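Architecture at a glance
Below, each chain spelled out in residue letters.
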Amino acid sequence: MDFKEFVQTHTIGEIKKSYPQVIDYLDNTGLWNLPDNLTFAKAFEDIDEEDLWQVGIKGDNIADELTKFIAAMQDIDVHDENKIENITILGGVNKQGEAENIKLLINTGEIISIVGPTGSGKSRLLADIECLAQADTPTKRTILINRKELDDEARFNFDGKLVAQLSQNMNFIMDVSVEDFLTMHAKVRMGRNCDFAEVVNRCFAMANELAGEKFTLDTKVTQLSGGQSRALMIADVACISSSPIVLIDEIENAGIDRQQAVKVLAKSEKIVIMSTHDPLLALSADKRIVIKNGGIAKIIETTQQERDCIDQIRKLDNILLDIRRRLRMGELIENI
């Protein structure tokens, strides 16, 4: 008996017992109180068709919808079996068609910065990684996962996406509270055995640590400022998202504690790759990729001597931050 026939012939209680994931599905659609002793067809007889339509269900498609949901949850359950240990960037060509001649292996937990003049091609490299390029983009670069090329099925499997990208502008279209947003994402990403309240509270606390201005759990996500939105999404990626590769475009423009943001992402055993003009961030990375004329010109491993300079750079950075703060408070800048 296939799953569709099973749903049509068994009671809701029997389906829940055989497929516990169905309980999450019913919770998410607001149908958690359906009688266990009825089939779905029988239970839906007492529910207005308009109410079912509002949650994306029709009486004749419930088996198909449940099949999709259970398949997605099973993908989450086997996520650890497909763990990403490293990615490799195989060089392509620059704007003149000259070969890059590079092969860069990046392991989980490593932080890589991308530096170069505006318009040099930093965002293009991020885009190549995001789409897991297989020599089919303008740069002809190839991205390997665990030292292997990807077939189309693995590359375009958006249900278990490998890459999370944090752009300079984060816009929400769902008018829900921060708590509801985090809870929904945790339920989709983390499976039934998760303590959702603990995850949501941890993620929320981390976001408030990163944000310049605090917000509450009942704040609507559409009311968050740009910096608050970026802080929330960074915390979400660190605490909830299963994507092992995180791409960040100019985090210094986010209005958040940028150094702390990079640290929390690195601690979550993800590969973090960020384009930046910020010397403090660039030198805090394990390696930096130098982009010139649309191509990878050089790969530099951060030296101990460079790391020794970070404290001095941080002092200068703190002076600039204090000047910005004083200007925002309406103070005159007569000394530094």
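What you see as residue numbers is a count from 1 along each chain, following the sequence as written. In view of the model being predicted, local features appear only for residues whose pLDDT reaches at least 70, and side-chain atom pairs are presented and counted only at 80 or more, with totals across whole chains, interfaces and linings using the full set of residues. Values reported for side chains reflect all heavy atoms of the structure, with hydrogen atoms and water molecules removed beforehand.

1. Some words on the confidence of the model for the protein chain
The predictor reports its confidence for every residue as pLDDT, a score running from 0 up to 100. Here the protein chain shows a mean pLDDT of 81. Residues at 70 or above account for 81%. Scored below 50 in pLDDT, residues 76–81 makes 6 contacts in the model with residues more than four places away or belonging to other chains. Residue contacts follow a heavy-atom distance rule, with two residues in contact if any of their heavy atoms lie within 4.5 Å.

2. Observations regarding the sheet that holds strand E7 (residues 271–275)
Here the rule is simple: two strands pair whenever DSSP picks up at least two bridges between them. Think of it this way: any DSSP run of H or I at least four residues long counts as a helix, any run of E at least two long counts as a strand, and we number them from the N terminus. One open sheet holds the 6 strands; their spatial order is E5-E6-E7-E3-E8-E9, and the pairing between them is mixed. The open sheet has two edge strands with one neighbour each: strand E5 (163–166) and strand E9 (295–301). Strand after strand, the sheet turns through a mean of 20 degrees between neighbouring axes, direction not considered. Bridge analysis of strand E8 (residues 287–292) against E9 gives 6 bridges, and the strand direction is antiparallel. Across the sheet, the residue bridging to Ile289 is Ile299, located in E9. Against the sheet, helix H7 (residues 122–130) contacts strand E3 (111–115), E5, strand E6 (245–249), E7, E8 and E9, and its axis sits at roughly 155 degrees relative to E6. Orientation is described by axes fitted as lines to C-alpha atoms, over the contacting stretch for helices, and by angles from 0 to 180 degrees between their N-to-C directions. Most of the contacts of helix H11 (residues 226–239) go to E5, to which it runs at about 165 degrees, and overall it touches E5 and E6.

3. Description of the packing of H11 against helix H12 (residues 258–267)
A pair of packed helices is characterised by two quantities: the angle between their axes and the separation of those axes. Where H11 contacts H12, the two axes come as close as 8 Å, and the packing angle between them is 20 degrees. Considering the angle they form, H11 stands roughly parallel to H12. Taken as a pair, H11 and H12 cross one another with a handedness that is left-handed. For the pair formed by H11 and H12, the contact residues are Ile234, Val237 and Ala238 on the first element and Ala261, Val264 and Leu265 on the second. Polar here means any residue outside two lists: the nonpolar Ala, Val, Leu, Ile, Met, Phe, Trp, Tyr, Cys and Pro, and the charged Asp, Glu, Lys and Arg; Gly therefore counts as polar. Within the contact of H11 with H12, the residues separate by chemical class into 6 nonpolar, no polar and no charged. We call two directions roughly parallel when the angle between them is under 35 degrees, roughly antiparallel when it is over 145, roughly perpendicular when it lies between 65 and 115, and oblique otherwise. Less than a right angle of anticlockwise turn of the near helix away from the far helix marks a crossing as left-handed, whereas a clockwise turn marks it as right-handed.

4. Observations concerning the nonpolar core
Definition of nonpolar core: a set of buried residues of the types Ala, Val, Leu, Ile, Met, Phe, Trp, Tyr and Cys, connected through side-chain atoms within 4.5 Å. Burial status follows relative accessibility: with a 1.4 Å probe on protein chains alone, a residue under 20% of its type maximum counts as buried, one over 50% as exposed, and anything between as partly exposed. Grouped together as the largest cluster of nonpolar side chains are 41 residues, with contacts concentrated most on Val178, Leu182, Leu232 and Leu265. The contacts of Leu182, once residues within four sequence positions are left out, are Val200, Cys203, Phe204, Leu232, Asp236 and Ile240. Counting residues in hydrophobic clusters, the runner-up holds 25 residues, among them Ile112, Leu126, Ile291 and Ile296.

5. Digging into the pattern of salt bridges
Salt bridge criterion: a side-chain nitrogen from Lys or Arg within 4 Å of a carboxyl oxygen from Asp or Glu. Per the counting criterion, the structure on display carries 11 salt bridges. A salt bridge links Arg141 to Glu100, with the shortest nitrogen-to-oxygen separation between them at 2.7 Å. In this pair, Arg141 sits in the loop between H7 and strand E4 (142–145) while Glu100 sits in the loop between strand E1 (86–90) and strand E2 (103–107), placing the two residues 41 residues apart along the sequence. For Arg141, a relative accessible area of 0% corresponds to the buried category.

6. Regarding the sheet that holds E1
In space, the 3 strands of this open sheet follow the order E2-E1-E4, with antiparallel pairing throughout. The outermost strands of the open sheet, each flanked by one partner alone, are E2 and E4. Neighbouring strand axes in the sheet, compared pairwise and without regard to direction, differ in orientation by 20 degrees on average. Relative to E4, E1 is paired through 4 bridges, and the arrangement is antiparallel. Note that in E4 the partner of Ile87 across the bridge is Ile145.

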